[in-house]
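# Report on the structure
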Amino acid sequence: MKLAKTVGANCFFALMLFSAAATELAQEPARSGSPEKAPEDQSKMQTKKFGLVIHGGAGTIDRSNMTPEREREYRAGLERALAAGYEILKRGGSSLDATEAAVRVLEDDPHFNAGKGAVFTSAGTNELDAAIMDGKTLKAGTVAAINGVELLRDQKYFYTQERWDALQKIKTAEKHRTGRAGKVFVITDQDRHGTVGAVALDQNGDLAAATSTGGTTNKRPGRVGDSPVIGAGTYANNATCAVSATGDGEYFIRATVAHDVSALMEYRGMSLNEAAQTVLEKVAKLGGTGGLIAIDRQGNIALPFNTSGMYRGYVDPNGKLVVEIYK
Ligand code: ASP
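What you are looking at is a predicted structure, and each value in this text was computed from that prediction instead of being measured. (Residues numbered from 1 in each chain as written. Predicted model: local features only at pLDDT ≥ 70, side-chain atom pairs only at ≥ 80, totals over all residues. Heavy atoms only, no water.)

With that out of the way, let us pick up the site of the ligand. The environment of the ligand is formed by His-193, Thr-195, Gly-215, Arg-223, Gly-225, Asp-226, Thr-246, Gly-247 and Gly-249. One of the side-chain nitrogen or oxygen atoms of Thr-195 is found 2.8 Å away from an oxygen atom of the ligand. Separating a nitrogen atom of the ligand from a backbone N or O atom of Gly-247 is a distance of 2.8 Å. Judged by the proximity of its atoms to the pocket grid, the ligand belongs to the largest cavity. (Near = heavy atom within 4 Å. Polar contact = N/O pair within 3.5 Å; in protein donor to acceptor, adjacent residues only side chain to side chain. 1 Å grid on protein atoms, 1.4 Å probe; cavity = no way out; pocket = protein on both sides within 12 Å on 5 of 7 lines; lining within 4 Å. Sits in = over half its atoms within 2 Å of the grid points.)

Right, here's the structure in full:
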């Protein structure tokens, strides 16, 4: 992903089967003097599974607050990201490259809270968190609370009027607030959220996960969310699954969400879907909201969330790009 690489880091509800997305003839070693392939050899066609799932943040996403035009823009952004990652997987590229490519597209899209369009801190700055993890080697690269200067980007690149207005709304509300401190729900979750992420399985059977975010509006400078914390917002392990989460970061860290999904599969033998649901329930019990995307080594996917919507997408077994927003 762009953020991670720039700083030198190297780094469900439905259960669906990704299969037959690509087929290729099994490479039988040629036997000398063997006849032409008999028809039955065709049955040795080998199916290579691969898959890609992305998210653009979970939160209160109501149809009533969404204009058709805005919805089209969100959907188009998600489709572009899916297409970028899928293209790489289709031609045999790595899951690491595919997740990076998908996340890059969403980082450059001002609708999402990552890269351009990132939310503002209470100091009016943008601080970005991101992580990418390779399930084959368990190597990971993460960056936290970095800003435009470190990224050699003009701070203006990240600016969008909408995110700035969201910060002003919350600040005004804070000024007029009396009583105990707590969450200020003056701006909608739509203003707050929009973290992006991708998980993929490639034709070699390798898994990868990537997550990128501006965090939460009005966060304290230096605050680090779950996205760059390996095992909380991001995790990938070829033995189990790849996970990218979105939601109230503090809760996702405390529930070690991404690693817990993997651990339930590894130690309890749970299915991906069961593990993902179980962990999200744990987050909800703590009081956290959000969702996650996950893919396992067989290509099963899970996209659970406990909010009214989550920007999300996946590629179906026929190679069709599917984008969904609401519950
Ligand atoms: N999880 C992100 C954070 O807490 C925010 C989000 O996903 O909306 O930084």
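If you trace the 7 strands from one edge of the open sheet to the other, you get 5-4-7-6-3-12-13, paired in antiparallel fashion. Two strands lie at the open edges of the sheet, namely strand 5 (140–146) and strand 13 (321–326), each paired on one side alone. The sheet shows a mean angle of 10 degrees between the axes of neighbouring strands, taken without regard to direction. Summarising the sheet, strand 4 (residues 128–134) and strand 7 (residues 207–213) pair through 6 bridges and their orientation is antiparallel. (Pairing = 2+ DSSP bridges. Helix = DSSP H or I, 4+ residues; strand = E, 2+ residues; numbered from the N terminus. Axes fitted to C-alpha atoms, helices over the stretch in contact; angles between N-to-C directions.)

Quick look at the nonpolar core now. Formed by 38 residues in total, the largest nonpolar core has its most connected members in Val-257, Val-261 and Leu-292. Here this core takes 6 residues from helix 8 (residues 272–286), the largest share from any one element. Those residues in contact with Val-261, other than ones at most four positions away along the chain, are Cys-241, Val-243, Leu-272, Ala-275, Ala-276, Val-279 and Leu-292. Within the second largest apolar cluster, 29 residues are counted, among which are Ala-81, Ala-98, Ile-132 and Ala-198. (Core = buried A, V, L, I, M, F, W, Y, C linked by side-chain atoms within 4.5 Å. Buried < 20%, exposed > 50% of the residue type's maximum accessible area, 1.4 Å probe, protein only. Contact = heavy atoms within 4.5 Å.)

This part takes up the packing of aromatic side chains. Evaluated as defined, the whole model comprises 8 aromatic pairs. Relative to Trp-164, the ring of Tyr-159 lies with its centre 6.1 Å away and its plane at 40 degrees, an arrangement referred to as tilted. A relative accessible area of 32% places Tyr-159 in the partly exposed class. Using a relative accessible area of 28% as the deciding quantity, one classes Trp-164 as partly exposed. Ring pairing ties together the aromatic residues Tyr-74, Phe-112 and Tyr-311, which thus form one cluster. A cation sits over an aromatic face here: Lys-116 above Tyr-157, 5.6 Å from the ring centre. (Phe/Tyr/Trp six-rings, centres within 6.5 Å; stacked < 30°, edge-to-face > 60°. Lys NZ or Arg CZ within 6 Å of the ring centre and 35° of its normal.)

The full count for this structure, using the stated rule, is 8 salt bridges. Residue Arg-80 pairs with Asp-109 through a salt bridge whose shortest N-O separation is 3.3 Å. A residue pair is termed long-range when its members are at least 10 positions apart, and Arg-80 in helix 2 (residues 68–90) and Asp-109 in the loop between helix 3 (95–107) and strand 4 qualify at 29 residues. Taking the shortest distance from any N to any O, the salt bridge between Glu-87 and Lys-90 comes out at 3.6 Å. Of this pair, Glu-87 and Lys-90 both sit in helix 2, 3 residues apart, which is roughly one turn of that helix. Residue Glu-87 is classed as partly exposed on the basis of its relative accessible area, which comes to 38%. (Salt bridge = Lys/Arg side-chain N within 4 Å of Asp/Glu carboxyl O.)

Mapped onto the elements of the fold, Ile-295 is located in strand 10 (residues 290–296). Between the alpha carbons of Ile-295 and Ala-200 there is a distance of 6.6 Å; along the sequence they are 95 residues apart. Discounting chain neighbours no more than four positions away, the residues touching Ile-295 are Gly-51, Leu-52, Val-199, Ala-200, Leu-201, Leu-207, Cys-241, Ala-242, Leu-272, Asn-300 and Ile-301.

Another aspect to go through is empty space enclosed by the protein. Over the atoms rolls a probe the size of a water molecule, and in doing so it shows where empty space is left. Of the volumes computed, that of the largest cavity is approximately 90 Å³. In this structure, the largest cavity is lined by 16 residues; those nearest its centre are Thr-195, Thr-213, Asp-226, Ser-227 and Gly-247. Examining the composition of the lining of the largest cavity, we find that 3 residues originate from one element, strand 9 (residues 241–247), more than from any other. (Points joined across faces, edges and corners; volume = space filled by probe spheres on them.)

Once that is clear, we can look at the packing of helix 2 against helix 3. Packed helices, taken two at a time, are described by the angle between their axes plus the distance between the axes. Where helix 2 meets helix 3, the closest approach of the two axes is 8 Å, and the angle between their N-to-C directions is 160 degrees. When the axes of helix 2 and helix 3 are compared, the pair comes out roughly antiparallel. Read as a crossing pair, helix 2 and helix 3 show a hand that is right-handed. Counted together, Gly-77, Leu-78, Arg-80, Ala-81, Ala-84, Gly-85, Ile-88 and Leu-89 of helix 2 and Ser-95, Asp-97, Ala-98, Ala-101, Ala-102, Val-105 and Leu-106 of helix 3 form the full contact between these two elements. (Parallel < 35°, antiparallel > 145°, perpendicular 65-115°, else oblique. Left-handed = near helix turned anticlockwise from the far one by under 90°.)

We now examine the side chain of Thr-240. Take Thr-240: it is sitting in the loop between strand 8 (234–236) and strand 9. We classify Thr-240 as buried; its relative accessible area is 3%. Of the polar contacts made by the side chain of Thr-240, one reaches the side chain of Ser-262; its length is 2.7 Å. Leaving out residues up to four positions away in the same chain, Thr-240 has contacts with Leu-207, Ser-262, Met-265, Glu-266, Asp-296 and Arg-297.

Backbone-to-backbone hydrogen bonds pair the strands of a sheet. The strands run either parallel or antiparallel. Strands sit in the order 8-9-10-11 across an open sheet of 4 strands; the sheet is antiparallel. Strands with a single pairing partner mark the edges of an open sheet, and in this sheet they are strand 8 and strand 11 (301–302). In this structure, strand 8 lies alongside strand 9, joined through 3 bridges in antiparallel fashion. Looking across to strand 9, one finds that Ala-236 is bridged to Ala-242. Against the sheet, helix 7 (residues 257–268) engages strand 8, strand 9 and strand 10, with an angle of about 145 degrees to strand 9. Packed on one face of the sheet, helix 8 meets strand 9, strand 10 and strand 11 and runs near 160 degrees to strand 10.

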